[in-house]
Amino acid sequence: MSPLSPAPANATRVAPPLEAARRYPPKPADVYLFGTCVIDVFFPGAGMDAIHLLEREGIRVHFPQAQSCCGQPAYTSGYTDEAREVARAQLALFAGDWPVVIPSGSCAGMFRHHYFELFKDEPQTLKQVESLSARTFELAEFLLEVCKVRFEHTGAPVKLALHTSCSARREMNTHLHGRALLAQLAGVERVEHDHESECCGFGGSFSVRMPDISGAMVQDKTAALKGSGAAEVVSADCGCLLNINGCFEKQGDALRGEHLASFLLRRTASAGTGGAR
Amino acid sequence: MSTLADTPAQPIAFTRNAREALADAQLRRNFRGAMDSLMDKRRNQFPDGDELERLRAFGNRVRARALSKLPDLLERLEANLARNGVQVHWAETVEEANAIVHGIAERHAAKKVIKGKSMVSEEMEMNHYLGARGVDCLESDMGEFIVQLREEKPSHIIMPAIHLNAGQVARLFHDKLDVDYTEDVDRLIQIGRETLRRNFFEADIGVSGVNFAIAETGTLLLVENEGNGRMSTTVPPVHIAVTGIEKVVENLRDVIPLLSLLTRSATGQPITTYVNMISGPRKADELDGPQEVHLVLLDNGRSQAFADGELRQTLNCIRCGACMNHCPVYTRIGGHAYGTVYPGPIGKIVTPHMLGLETTRDLPTASSMCGACGEVCPVKIPIPSLLRRLREEAVRAPAAEPQHMRGQGAKHSKKETLVWKAWRTLNTSPGLYRVAMYAGTRLRGLMPADIGPWTRYRSAPKPAARSLHELAREHLGAQ
Amino acid sequence: MNAKERILGKLRASLAGTTAVADDYDIGLVTDPWRYAADERIARLRRMLEAVHGETLLTTAAEWPQRVLEALAARGIDELLVSPATAHGRRLAEHVREQGAALRLKGYERAVEAWKDELFFHTPASLTGTLGGIAATGSLVLWPSPQEPRLMSLVPPLHIALLNASEVRDNLFELMHAQRWTDGLPTNALLVSGPSKTADIQQTLAYGAHGPKELLVLVIEDA
């Protein structure tokens, strides 16, 4: 975690200490949900499925209606001031003590890691950032580590491939949480796909600024997913799904990836609460 | 000179270069195969993830410590090298560095230079500079020799000819060296060995790079496998080492973790065949080694990166190339498309300081920010963060203060700035956001099927009929 | 102002008001993973050297000269570059005399400029001592000297190195410390880990790039 009192801008930087394994709080009664802008517009069903999954675990979900975007698109494009103002707006909406659950690893990573950089020159705001960061969980992580869910597979046996977004993987370990959840499900065989840890080529604005490179990457990714023998594809990041599904559609392929939350809601029962909501 | 050498790829033409490279199936296959192999080799060298992470943190601290006292260490290095009989020269620009090297060549009436692998000499375009002044430079690293024969530039900082397969080298040797066509790699290497052997002792000057310059002992440390580096630094009467000002480390023992990180990350070797530590020219009672050793310390934009604490991390780099080996962009377009001496992720963060953002403005953009580079960097350079920072510098208003970079604002556009300001307003005004979502979802039928670059490879995304905001409000009630 | 002053001036200005990063050198991290029991040390060194095409042979102080003769005979080599001014050079010469072997020994007794052509094209093999070895990486330590100049271990296609088993250390840190390297390094110090090699053509490993094609290490167990 970044310190609250930043060093001078010209200080020689040393890499932050290795992050200790995250310690998780007990399961709460209430959580915030941050829906993310991509889910809001393109995959609202995945957002609702995340809400239902949390409710199935007996948790009350709060969705502040004034929420919009985590600020990542502007941040990664270099429009830091604009990103900061959008981030500030979110910061104010999630000021209570409840955990913030996000069905997207890259947006969760933004809350959890990058807001420190955005507000490094605002000591007062950094206190809020510190609190938000400590309370931010990616959905799969939250289900696994905080709710300690035990899911039972209720569907027919299936081979499935899991694609994890790069920031989710590298900033939030979402691939491990996703794998652990799927591993609970008898009859669900998770198959590896070729170059599984490689980026699908989305990268937000990268996909339109460098369309040919991005296109080559997503074509390789869809080929790898198809080549894996999986009948279904899941991912915990809708940015990647927008990219991968768009490519499948363009190629005339029937395969579509869905959000992990949708798969879990549809195909499992919670052993903890005795089943459907 | 062939047209290849006359029109090398330029960074300003990055997107066009990339498109051409993507269309070259042979190139794609060559790179994918080579990068897969290099990634496997590195992975095998670090079976213990915990040791790797602790060693990376150690490497980072060693480099950061060196940078945190860089001017003092450079002076200490110079003093200790001078004591050992090595002459140290300083150059702010590549022109100055070339003039220094040429001056030494002139003093010795040198006609022929044999070169060990040196990326800084590539940065200087030394071969071209000296060649134009009647001094021939011959590359002796096998990969560099091959690309020089093809009148190309290296496509990788460790493996210069990695874009070629054995068949392409076989044809090259057959055409240029008048030997029988063979794809047998052992035979091809023997042809290279025999061709270069006499050149080592005919050369008037040997040029090399430096992996680590050790301030404490006044030592230049070079790693290599082929023996050409030792030849180039031992046989000719004059040895000139060229290196960047950031390559200094404080103490001899500091090289131990860095050496281990370097060779394991670069080529998946526990150590290279040779670790060559040079602390001076031939002494009176010695029978070989150069009579003169020179070190040229080159700035070329490094002091610009050094000025800012965040950008300074760029200079942690020990040039292992692991970032390019793991980069999904580099893997697909290869090294030449970048049009820069240093390709791949490290090239994207270091070159803008050398050339300015005007001509390199597309490089920081050419990343999906996947983070693979930062994850493998042995000295923990936060490459994605630095790419983001360079994007920021490229879109800032050109006149905005403080100025951190040459070419600030090279991608600044009033139109795009306005778009992001509008985006900010939308995302900070809940009422406006709600109206926009309502309009976006209700007018989804109007979404065009062709939305430019996105739809070249994908169908257009379709907004849902109702936003999550609406669905959540309905389900949870207004909150 | 000259270039040096300008560069240092810029660097110093950039560091204004900052403090140096502390030296918290982690000796354990460069030694603990690389420690070997006494009976494993030589085995590790051999394994590492052989993995990169080095040849190793366990021998004794009494027998190594004969091993050298055998190695050369097996390769059809009848001439060896070896220093007559070293103990091992004298020992080998004596053995050659005793055996009446046909091997011709020549020394590196003139500056390289005086016999470059012979060194490069008519010297098939060399023999040198070493200052020790490193088990972790399978490396030999060479400090070339007036008796055994730098090119002796580089130019001849076969390099035979004598290594005393007692001088093999676990790792580079331990070796540098034990041999007090910071007290003063020679003009050229080398770690050598195998014969020269390259993978510059299509990632295919080939030995005998510009240096020796073969490296034979005679590990003298009782020395």
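Residues numbered from 1 in each chain as written. Chains lettered and ligands numbered in written order. Predicted model: local features only at pLDDT ≥ 70, side-chain atom pairs only at ≥ 80, totals over all residues. Heavy atoms only, no water.

Enquirer: Honestly, the interface of chain C and chain B in this entry has me stumped. Any pointers?
Expert: Reports of interface size often rely on the accessible area that becomes lost once the parts have come together. Of the residues lining the interface, 77 residues belong to chain C; the matching set on chain B comes to 99 residues. Summed over both sides, the interface between chain C and chain B buries roughly 7700 Å², with carbon and sulfur atoms accounting for 60% of that surface. Between the two partners, chain C and chain B, sit 12 salt bridges. As a salt-bridge pair, B:R65 and C:D23 come within 3.3 Å of each other at their nearest N and O atoms. Run the count over chain C and chain B and you get 47 residue pairs in polar contact (both at pLDDT 80 or more). Those elements giving two or more residues to the side of chain C that touches chain B turn out to be α1 (3–14), α2 (27–31), α6 (116–121), α7 (172–178), β9 (188–192), β10 (197–198) and β11 (206–207) of chain C. Grouping the constituent residues of the side of chain C that touches chain B by class yields 43 nonpolar, 18 polar and 16 charged. Inspection of the sheet shows strand β9 (residues 274–278) of chain B paired to β9(C) by 5 bridges, in the antiparallel sense. (Contact = heavy atoms within 4.5 Å. Buried area = accessible area lost by both parts, 1.4 Å probe. Salt bridge = Lys/Arg side-chain N within 4 Å of Asp/Glu carboxyl O. Polar contact = N/O pair within 3.5 Å; in protein donor to acceptor, adjacent residues only side chain to side chain. Helix = DSSP H or I, 4+ residues; strand = E, 2+ residues; numbered from the N terminus. Nonpolar A, V, L, I, M, F, W, Y, C, P; charged D, E, K, R; others polar. Pairing = 2+ DSSP bridges.)

Enquirer: What is the right way to look at unusual backbone geometry in this model?
Expert: It is generally the case that most residues other than glycine have a negative phi and that most peptide bonds are trans. Residues and elements named next belong to chain B. Following E401, the chain continues to P402 via a peptide bond in cis, the omega torsion being -5°. With respect to the helices, strands and loops of the structure, P402 is situated in the loop between α21 (383–395) and α22 (414–428). Despite not being glycine, D178 shows a phi value in the positive range, around 60°. Its place among the elements puts D178 in the loop between α10 (166–177) and α11 (185–202). Residue classification places D178 among the exposed residues on the basis of a relative accessible area of 73%. The phi dihedral of N300 is positive, around 45°, even though this residue is not glycine. Residue placement: N300 occurs in the loop between β10 (292–298) and α14 (302–306). (Buried < 20%, exposed > 50% of the residue type's maximum accessible area, 1.4 Å probe, protein only.)

Enquirer: Got a minute to help me understand the interface of chain C and chain A in this structure?
Expert: Facing the 5 residues of chain C at the interface are 4 residues of chain A. Summed over both partners, the interface of chain C with chain A buries about 350 Å², with 56% contributed by carbon and sulfur atoms. Put simply, chain C and chain A have 0 salt bridges between them. Linking chain C to chain A there are 2 residue pairs in polar contact (both at pLDDT 80 or more). Looking at the side of chain C that touches chain A, its residues break down into 3 nonpolar, 2 polar and no charged.

Enquirer: Before we go on, may I ask you to explain the packing of aromatic side chains in this structure?
Expert: Remark: the centre distance and the inter-plane angle together describe each pair of aromatic rings, the angle taken between the planes. Residues and elements named next belong to chain A. One pass over the structure, following the stated rule, counts 22 aromatic pairs over all chains. Aromatic side chains F34 and F94 sit 5.8 Å apart centroid to centroid with 75° between the ring planes, which places their arrangement in the edge-to-face category. Of this pair, F34 sits in the loop between β1 (30–33) and α1 (37–42) while F94 is found in the loop between α4 (80–93) and β3 (100–102), placing the two residues 60 residues apart along the sequence. Residues F34 and F94 agree in their burial class; the two are buried. For the pair F111 and Y115, a centre-to-centre distance of 5.2 Å together with 45° between the ring planes defines the contact as tilted. With F111 and Y115 both in helix α5 (residues 105–118) and 4 residues apart, the pair spans about one turn of that helix. The residues F111 and Y115 share a single accessibility class, namely buried. An aromatic cluster of three or more residues is present, and its members are Y32, F34, F94, W98, F111, Y115 and F119. Across the ring face of F151, the terminal group of R56 is positioned such that the distance to the ring centre comes to 5.0 Å. (Phe/Tyr/Trp six-rings, centres within 6.5 Å; stacked < 30°, edge-to-face > 60°. Lys NZ or Arg CZ within 6 Å of the ring centre and 35° of its normal.)

Enquirer: What's the story with the domain arrangement of chain A in this structure? I'm lost.
Expert: All names here are of chain A. When cut into domains, chain A gives domain 1 (30–145) and domain 2 (150–270). Each of domain 1 and domain 2 has a C-alpha centre, and the two are 22 Å apart. Listed as interface residues are 30 residues of domain 1 and, on the opposing side, 30 residues of domain 2. Broken down residue by residue, the surface that domain 1 buries against domain 2 is led by F43, R56 and L144, which jointly contribute 24%. Summed over the shared surface of domain 1 and domain 2, the number is 0 salt bridges. Those elements giving two or more residues to the side of domain 1 that touches domain 2 turn out to be α1, α2 (44–56), α5 and α7 (139–146). With 8 residues, α5 is the single largest residue contributor to the side of domain 1 that touches domain 2. (Domains from an automatic or database assignment.)

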